[in-house]
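Each chain, letter by letter, is given below.
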Amino acid sequence: MSGPSYDAIVVGAGPGGSTAATMMSESGLRVLLIDKDSFPRDKVCGDAISGKSMEALEKLGLVDQFETQKALPTWGLTISGPSGDQVEIPFTKDRHRRIPPGIVCQRERFDDILLNRAVRAGVIVIKGSVTKVLRKRDVVIGVATASGSETAHYFAPIVIGADGAYSIVARELGMEQLDDEHYSAGIRAYFSGVTGFNDGNYIEIHFVDESIPGYFWIFPLENGLSNVGVGILSSVIKKNNIRLKVMFQAMVSHPRFIERFSNATQLGPTKGWGLPLGSQPRSMAGNGWMLVGDAASLIDPFTGEGIGNAMISGILAAEWAQKAHEKQDFSAPFLGSYEKNVLELLDDELKISKTMQRLVKRKWLLNAVIRKASRSKEVSETITSMFFDLEARQKMASPWFYVKLLFA
Ligand SMILES: Cc1cc2nc3c(=O)[nH]c(=O)nc-3n(C[C@H](O)[C@H](O)[C@H](O)COP(=O)(O)OP(=O)(O)OC[C@H]3O[C@@H](n4cnc5c(N)ncnc54)[C@H](O)[C@@H]3O)c2cc1C
């Protein structure tokens with residue numbers, strides 16, 4: 001076996017992979033980034049880029065590139081419950097700040113900007129479908145790509161698997177598909193002409209009887225477009241024999257939304273993809289390898305957001321790759337510190353979100369919270385901060401929060 005060598009190889013140029021590759025290259029490592037697709041490419045997603053991702057974008061010096069012509073700033077969230085009660089929650093009191101608290105940006109564009117950032121940082125990018133992880137005994141030493149009958153080998157002391165929900169790197173390393181309690185499925189379509197958005201471009205999450213414990217979303221995009229979708233836990237899909245496309249159509253023509261879609265046109269097909277949830281993260285490191293983002297199963301089990309955690313794990317993986325090169329130690333015990341680091345940062349949040357995910361199964365509770373929030377500033381502010389602030393989310397995950405709320 002022969003082929004070119006690098007300091008690190010990253011498989012997958014989504015937000016996790018491009019972020020990791022950029023940071024490693026900027027710390028002086030020679031990095032190869034391999035993706036099976038030609039960019040710009042579509043990725044099934046809600047396209048909502050939250051506060052956490054905004055911080056990572058700032059670290060990459062990219063916030064300015066996402067100013068209005070590239071993405072739509074979003075200033076808040078509208079939530080409605082099964083009873084139809086609705087609450088509008090601003091993400092911030094400061095509507096004049098330069099950097100918005102969140103943006104909505106089609107992934108085709110978002111991921112391309114991140115990949116270009118990696119190229120500018122000196123990362124070598126090639127198109128190729130990774131089919132195999134190369135090993136010497138139990139140590140990962142590179143990857144193989146295949147195209148028709150052509151095979152190519154690439155070598156590095158560190159391979160980072162950032163190849164998403166159906167990660168070949170994770171599978172090659174012996175990790176099974178997650179069980180259905182820790183996996184969701186979602187479908188989405190783009191529309192033009194949906195009406196009724198809040199003037200702060202609020203993203204909208206609607207809990208409808210048929211969607212619970214998942215939700216129906218309508219996210220406004222630039223140029224009058226919107227991203228519309230539905231996502232739900234895979235175990236519920238199986239148990240209730242749900243067909244997501246049927247559910248999606250039922251939502252779009254639901255009496256609560258039909259008026260808003262009366263002059264809307266669907267652009268392109270309805271597409272689906274999996275969401276590996278952080279209620280059960282995978283093993284993230286071993287001899288010569290690390291996993292980031294969806295490959296490591298880091299999607300927030302309550303909100304369904306995964307871009308921020310992909311970028312944060314990408315930043316941490318890059319830091320540990322650099323330390324490994326400094327120490328010339330690429331062993332499982334050393335790279336295992338990367339996993340510890342990710343869990344230190346995200347584990348509390350993921351556990352709280354898991355509790356929240358269970359709570360929304362109770363429709364009466366969801367109705368009660370949203371009804372109270374629509375009438376109480378204090379409750380609506382707690383929900384607002386829940387999206388950004390771990391302490392507020394912790395508060396909401398406690399049964400006492402609901403006891404106090406219901407009897408207040
Ligand atoms: C329906 C839906 C809605 C969502 N909505 C949101 C949202 O609004 N906000 C949010 O924050 N998150 C959302 N998510 C989650 C988010 O999309 C993911 O968490 C995020 O894309 C993870 O980034 P990543 O870099 O880990 O992987 P990905 O973005 O999946 O990137 C993986 C890359 O690896 C490449 N690849 C795969 N296999 C190979 C291979 N064998 N060889 C080479 N390359 C390969 C792929 O081409 C791809 O470019 C949603 C997910 C779904 C399914």
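Residues numbered from 1 in each chain as written. Predicted model: local features only at pLDDT ≥ 70, side-chain atom pairs only at ≥ 80, totals over all residues. Heavy atoms only, no water.

> Explain the overall build of the protein to me, and be specific about the residues and the numbers.
Along the protein, the regular secondary structure elements total 12 helices and 19 strands. Taken over the C-alpha trace, the protein has a radius of gyration of 21 Å; the compact-globule value for 408 residues is 22 Å, and the two agree within 12%. If one aligns the C-alpha atoms of the protein with their principal axes, the spans along those axes are about 65 × 45 × 45 Å. Relative to its full complement of 408 residues, the protein shows a buried share of 58%. In the protein, the share of contacts with a sequence separation of at least 24, taken over all contacts with a separation of at least 6, comes to 72%. Taken as a whole, the protein presents about 17,500 Å² of accessible surface, with 51% of it coming from carbon and sulfur. Averaging the coordinates of the 46 positive side-chain charges in the protein and doing the same for the 45 negative ones gives two points 3 Å apart. (Helix = DSSP H or I, 4+ residues; strand = E, 2+ residues; numbered from the N terminus. Rg over C-alpha atoms; globule rule 2.2 N^0.38 Å. Buried < 20%, exposed > 50% of the residue type's maximum accessible area, 1.4 Å probe, protein only. Contact = heavy atoms within 4.5 Å. Areas by Shrake-Rupley, 256 points an atom, 1.4 Å probe, with all protein chains shown as cover. Lys, Arg positive; Asp, Glu negative; His and termini not counted. Charge placed at Lys NZ, Arg CZ, Asp CG, Glu CD.)

> Any details on the state of the cysteines? Residues and values, ideally.
The final tally for this structure, using the stated rule, is 0 disulfides. The closest cysteine sulfur to the non-disulfide-bonded Cys-45 is located on Cys-105, 10 Å from its own sulfur. With relative accessibility at 17%, the residue Cys-45 sits in the buried group. In this structure Cys-105 comes out as buried when scored by relative accessible area, which is 0%. (Disulfide = S-S within 2.5 Å.)

> Lay out the packing of helix H2 (residues 51-59) against helix H7 (residues 307-327) with the relevant residues and their values.
One can describe the packing of H2 onto H7 by two numbers: an axis separation of 8 Å at closest approach and a directional angle of 40 degrees. When the axes of H2 and H7 are compared, the pair comes out oblique. Judged by the sense of rotation from one axis to the other, the crossing of H2 with H7 is left-handed. Note on element contacts: H7 touches H2 through Ile-307, Gly-308, Asn-309, Met-311, Ile-312 and Ile-315, opposite Lys-52, Ser-53, Ala-56, Leu-57 and Lys-59. Classifying every residue of the contact of H2 with H7 by side-chain character gives 6 nonpolar, 3 polar and 2 charged. (Axes fitted to C-alpha atoms, helices over the stretch in contact; angles between N-to-C directions. Parallel < 35°, antiparallel > 145°, perpendicular 65-115°, else oblique. Left-handed = near helix turned anticlockwise from the far one by under 90°. Nonpolar A, V, L, I, M, F, W, Y, C, P; charged D, E, K, R; others polar.)

> Give me the lowdown on the nonpolar core, citing residues and values where you can.
Counting residues in each nonpolar core, the largest one holds 55 residues, and the members touching the most others are Ile-9, Met-24, Ile-160, Met-290 and Tyr-338. Counting residues per element, this core draws most heavily on H7, at 7 residues. Other than its neighbours up to four places away in sequence, Met-290 contacts Ile-158, Val-159, Ile-160, Gly-161, Met-284, Ala-285, Ala-317, Trp-320, Ala-321, Leu-335 and Tyr-338. Formed by 25 residues, the second largest nonpolar core is a distinct cluster that contains Val-230, Ile-232, Phe-261 and Ile-299. (Core = buried A, V, L, I, M, F, W, Y, C linked by side-chain atoms within 4.5 Å.)

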